[in-house]
Amino acid sequence: MEYKNIIVKFEERVAVITMNREKALNALNDETIAELQSFFRHHWLDDSFGCVIITGAGKAFVAGADISELAQCDIKKALKKSMLGIYLTKTIENFPKPVIAAVNGFALGGGCELAMACDIRLASEKAKFGQPEVNLGLIPGYGGTQRLARLVGRGKAKQLIFTGEMVDANEAKRIGLADEVYPAEELMTKAMEMAKLINSKAPIAVATAKECINRGLDVNLSAGLEFEKMGFGTIYGTEDAMEGMKAFLEKRGAEFKGK
Ligand code: CAA
């Protein structure tokens, strides 16, 4: 599939997506949103890779939704735009493989929202996170008010959204917005190492755990535990579960097949 605004490379069963509109700091225009959406939909059933990494070319991860397009919207278009962004972030969140954000630089507005839709956020020391929409007279529109509050708590989310201030990578880690911080030159190596480590595990177990965690966060604890019970039982129908336990008891490494 041909893309204009993203570069997709497959390396050792890892799909690496590089946001590539460097002249606009990788801002998300409609076309880029559609390309990302298309990637995830197209590869929904593709078992040739086990993990996705999203990163950005140049000094930004993604500096937000494209403001030149936002400035052209009326109420009707703004609602549709928000819907498309929310649809994309939900697609990523529900994608049946882990998606790692390797946040190399500015992750602002829609960029922070894109990173928050990923399962794990690894940040370079150069990364900066923020929801600066109030500076434009706007509010976050791709899930920021919801996911940020869930990740960092309502007080800190309100502080970040009301002030529009950016936080650096270490502060992002401190508040739970970034999961790890690495020197810039190590970011992609560390992201690849993590992706390959995840790839060495049983893929259906990883996908099931992702689904249980995500579904559970939307409901109360009892319902969440019910999801986990069903996931735990269902996984016994996989060859990998049998192989994993057998390998342990035979004191050898497991060979998972994703079946
Ligand atoms: N949309 C469109 N273009 C953008 C952009 C964006 N979000 N962010 C940066 N650019 C463009 C700039 O206009 C500039 O283009 P020109 O060279 O043609 O002038 C180019 O990228 C480089 O940017 P700067 O010269 O501004 O770079 P800088 O290093 O001085 O500043 C920055 C970097 C602090 C990130 C600054 O660019 C900035 O504040 N960008 C806007 C960030 C923002 O407000 N994001 C939220 C957007 S709204 C949103 O995302 C809503 C939502 O939730 C869906």
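Just above, that's the structure.
The following refers to the structure shown. (Residues numbered from 1 in each chain as written. Predicted model: local features only at pLDDT ≥ 70, side-chain atom pairs only at ≥ 80, totals over all residues. Heavy atoms only, no water.)

A closer look at the site of the ligand
At step 1: The immediate surroundings of the ligand are formed by 23 residues, with K59, A65, G110, E113 and E133 found nearest.
At step 2: One nitrogen or oxygen atom from the side chain of K59 is found 2.6 Å from an oxygen atom belonging to the ligand.
At step 3: Contact between the ligand and I67: a nitrogen atom at 2.9 Å from a main-chain N or O atom of the residue.
At step 4: Of all the secondary-structure elements, those providing two or more residues to the shell around the ligand are α2 (67–70), β6 (106–108) and α4 (110–117). (Near = heavy atom within 4 Å. Polar contact = N/O pair within 3.5 Å; in protein donor to acceptor, adjacent residues only side chain to side chain. Helix = DSSP H or I, 4+ residues; strand = E, 2+ residues; numbered from the N terminus.)

Structural notes on a negative patch on the surface
At step 1: Judged by side-chain charge, E125, E185, E186 and E193 come together as a negatively charged surface patch.
At step 2: Mapped onto the secondary structure, E193 falls in helix α8 (residues 187–199).
At step 3: Judged by relative accessible area, which is 46%, E193 ranks as partly exposed. (Patch = residues over 30% accessible without salt bridge, like charges linked within 9 Å, V, L, I, M, F, W, Y side chains within 5 Å. Areas by Shrake-Rupley, 256 points an atom, 1.4 Å probe, with all protein chains shown as cover. Salt bridge = Lys/Arg side-chain N within 4 Å of Asp/Glu carboxyl O. Lys, Arg positive; Asp, Glu negative; His and termini not counted. Charge placed at Lys NZ, Arg CZ, Asp CG, Glu CD. Buried < 20%, exposed > 50% of the residue type's maximum accessible area, 1.4 Å probe, protein only.)

Thoughts on helix α3 (residues 75–94)
At step 1: Along its 20 residues, α3 runs 28 Å from first to last C-alpha, staying within 8% of the 28 Å computed at 1.5 Å per residue.
At step 2: Looking at α3, one finds that the buried residues are K81, G85, L88, T89, T91 and I92. Taken end-on, α3 shows its buried residues confined to a sector of 155 degrees, consistent with a single buried face. Exposed residues on α3 whose side chains face more than 90 degrees from its buried face are I75, K76, L79, K80 and M83. (Expected span 1.5 Å × (residues − 1). Arc of directions from axis to C-beta.)

What about the packing of aromatic side chains?
At step 1: Taken as a whole, this structure holds 7 aromatic pairs when the rule is applied.
At step 2: With a centroid separation of 5.4 Å and 50 degrees between ring planes, the pair formed by F10 and F49 is classed as tilted. Taken together, the residues F10 in strand β1 (residues 6–11) and F49 in the loop between α1 (30–42) and β3 (51–56) connect sequence positions 39 residues apart.
At step 3: Its relative accessible area of 44% is what places F10 among the partly exposed residues.
At step 4: Overall, the relative accessible area of 1% leaves F49 in the buried class. (Phe/Tyr/Trp six-rings, centres within 6.5 Å; stacked < 30°, edge-to-face > 60°.)

Concerning the pattern of salt bridges
At step 1: Evaluation of the coordinates by the stated rule reveals 15 salt bridges.
At step 2: Put simply, K97 and D47 hold a salt bridge, and the shortest N to O gap is 3.3 Å. With K97 in the loop between α3 and β5 (99–103) and D47 in the loop between α1 and β3, the pair connects residues that are 50 residues apart, well separated along the chain.
At step 3: One salt bridge in this structure joins K210 and D119, with 2.8 Å as the shortest N-O distance. Taken together, the positions of K210 in helix α9 (residues 203–217) and D119 in the loop between α4 and β7 (120–124) put the pair 91 residues apart, joining distant regions of the chain.
At step 4: Of the residues examined, D119 reaches a relative accessible area of 26% and is grouped as partly exposed.
At step 5: By sharing partners, the salt bridges in this structure join E243, K246, E250 and R252 into a single network.

Here's the deal with the environment of M192
At step 1: Tracing the sequence through the fold places M192 in helix α8.
At step 2: Each C-alpha atom, one on M192 and one on I235, is 27 Å from the other, the two residues being 43 residues apart in sequence.
At step 3: Excluding residues within four positions of it along the chain, M192 makes contact with E11, V14, V16 and I53. (Contact = heavy atoms within 4.5 Å.)

Focus: the sheet that holds β1
At step 1: The strand order across the open sheet formed by 6 strands is β1-β2-β3-β5-β7-β10, and the pairing between neighbours is mixed. Because the sheet does not close on itself, it has two edges, and the strands there are β1 and β10 (180–182). Geometrically, the sheet is characterised by an average inter-axis angle of 20 degrees between neighbouring strands, direction not taken into account.
At step 2: Bridging between β5 and β7 involves 4 bridges; their strand directions are parallel. Residue pairing for β7: V103 is matched across the bridge by A123. (Pairing = 2+ DSSP bridges. Axes fitted to C-alpha atoms, helices over the stretch in contact; angles between N-to-C directions.)

Note that all results are geometric; they support no functional claim without further evidence.
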